[in-house]
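# Coordinate analysis (summary)
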Amino acid sequence: YGYNRNDFNEARLYFENVLVSKNVMLLEETLHTLATIEELEKNYDRSYKYYSRLVNEYPTTELGREAQSSVVRVLSLDGKNREVISAATKLISDNSDIPNIDEVRYYRAKAYNALSKNKKALRDWEILSSASHSSYSTEAKYMVAEAMFNENILDINNGNPMTLASVYKLNRIALSDVMAIIEKHLPQAVEEKKNHVFIIDEINRGNISKIFGELIT
């Protein structure tokens, strides 16, 4: 009851008493709830302890499998980037079909960036950017663009991230800023004489005749 009312102190006391009682029937749910409470309270060490115990004691249940990515998340929230990389790499190599594998890769990419291992981070961002149904794909696309062109896209968008919607009205980005980036990289592109592909994502959401002109339709 306390948990539902966000009275975490009351809820924590109740569930800790359940742990002490060693009630096996309630142990799995208790560990999950305590881990969630501590994460919400930003007690990441305690949250990590409960999530880890959940993984170790219930490795095949739904909550136990979901806790694997939660371990990586709370390590990241606690700023333990090396531990994030170690835990995430083991999960990705051993259990690529675990729930929330994209979340695991996302936090590993952020940890690589934080440790200036940008090439390794880029590989994860590229994989995430191609996962069309992932909630992390949009942010990953911008991270790939920044890595490839060494441009901070958020800077020209007044620091506003674009991670929620599929389509954005870019009223904060000036055309002159976009052209400056294009012109900066254009000489190199022409000099290399490589073929290029121009991809317009989610174009089906737009008005085709306005995008390409009336003749196309």
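Structure shown above.
None of the values given here were measured: they were computed from a predicted structure.

## Section: the overall build of the protein
Scanning the protein from terminus to terminus reveals ten helices and zero strands. In the protein, the succession of α and β elements from N to C terminus is α-α-α-α-α-α-α-α-α-α. Across the 217 residues in the protein, those meeting the buried criterion constitute 33%. When contacts within the protein are restricted to residue pairs at least 6 apart in sequence, those whose partners lie at least 24 apart make up 41%. Surface accessibility of the protein: about 14,400 Å² in total, with carbon and sulfur atoms responsible for 52%.

## What to know about the packing of helix 1 (residues 8-21) against helix 2 (residues 24-40)
At their nearest, the axes of helix 1 and helix 2 sit 10 Å apart, and the two run at 145° to each other. Crossing of helix 1 against helix 2: the hand is left-handed. Facing Phe8, Ala11, Arg12, Phe15, Glu16, Val18 and Leu19 of helix 1, the residues of helix 2 in contact are Leu26, Leu27, Thr30, Leu31, Thr33, Leu34, Ile37, Glu38 and Leu40. Residue composition of the contact of helix 1 with helix 2, grouped by class: eleven nonpolar, two polar and three charged.

## A look at a nonpolar patch on the surface
Residues Phe198, Ile200, Ile208, Ile211 and Phe212 make up a contiguous nonpolar surface patch of roughly 500 Å² in combined accessible area. Within the secondary structure layout, Ile200 lies in the loop between helix 9 (175-192) and helix 10 (208-212).

## Focus: helix 5 (residues 81-94)
Over its 14 residues, helix 5 extends 20 Å from the first C-alpha to the last, a length consistent with the 20 Å expected when each residue adds 1.5 Å. Taken residue by residue, helix 5 has Asn81, Val84, Ile85, Ala88, Leu91 and Ile92 as its buried positions. The arc that holds every buried residue of helix 5, seen down its axis, measures 140°, which confines them to one face. Looking at helix 5, the residues exposed on the side facing more than 90 degrees away from the buried face are Arg82, Lys90 and Ser93. Where the residues of helix 5 are buried, they touch helix 4 (62-77) and helix 6 (101-114).

## Focus: the layout of surface pockets
Taking a probe equal in size to a water molecule and rolling it over the atoms shows the remaining empty space. Approximately 270 Å³ is the volume attributed to the second largest pocket. Around the second largest pocket sit 13 residues that line it, and Val55, Val71, Ala87, Lys90 and Leu91 are the ones nearest its centre. Secondary-structure elements contributing two or more residues to the lining of the second largest pocket are helix 3 (44-57), helix 4 and helix 5. When residues of the lining of the second largest pocket are assigned to their parent elements, the largest contribution, five residues, is made by helix 5.

Each value, and the rule that gives it
- Residues numbered from 1 in each chain as written.
- Predicted model: local features only at pLDDT ≥ 70, side-chain atom pairs only at ≥ 80, totals over all residues.
- Heavy atoms only, no water.
- Helix = DSSP H or I, 4+ residues; strand = E, 2+ residues; numbered from the N terminus.
- Buried < 20%, exposed > 50% of the residue type's maximum accessible area, 1.4 Å probe, protein only.
- Contact = heavy atoms within 4.5 Å.
- Areas by Shrake-Rupley, 256 points an atom, 1.4 Å probe, with all protein chains shown as cover.
- Axes fitted to C-alpha atoms, helices over the stretch in contact; angles between N-to-C directions.
- Left-handed = near helix turned anticlockwise from the far one by under 90°.
- Nonpolar A, V, L, I, M, F, W, Y, C, P; charged D, E, K, R; others polar.
- Patch = residues over 30% accessible without salt bridge, like charges linked within 9 Å, V, L, I, M, F, W, Y side chains within 5 Å.
- Salt bridge = Lys/Arg side-chain N within 4 Å of Asp/Glu carboxyl O.
- Expected span 1.5 Å × (residues − 1).
- Arc of directions from axis to C-beta.
- 1 Å grid on protein atoms, 1.4 Å probe; cavity = no way out; pocket = protein on both sides within 12 Å on 5 of 7 lines; lining within 4 Å.
- Points joined across faces, edges and corners; volume = space filled by probe spheres on them.

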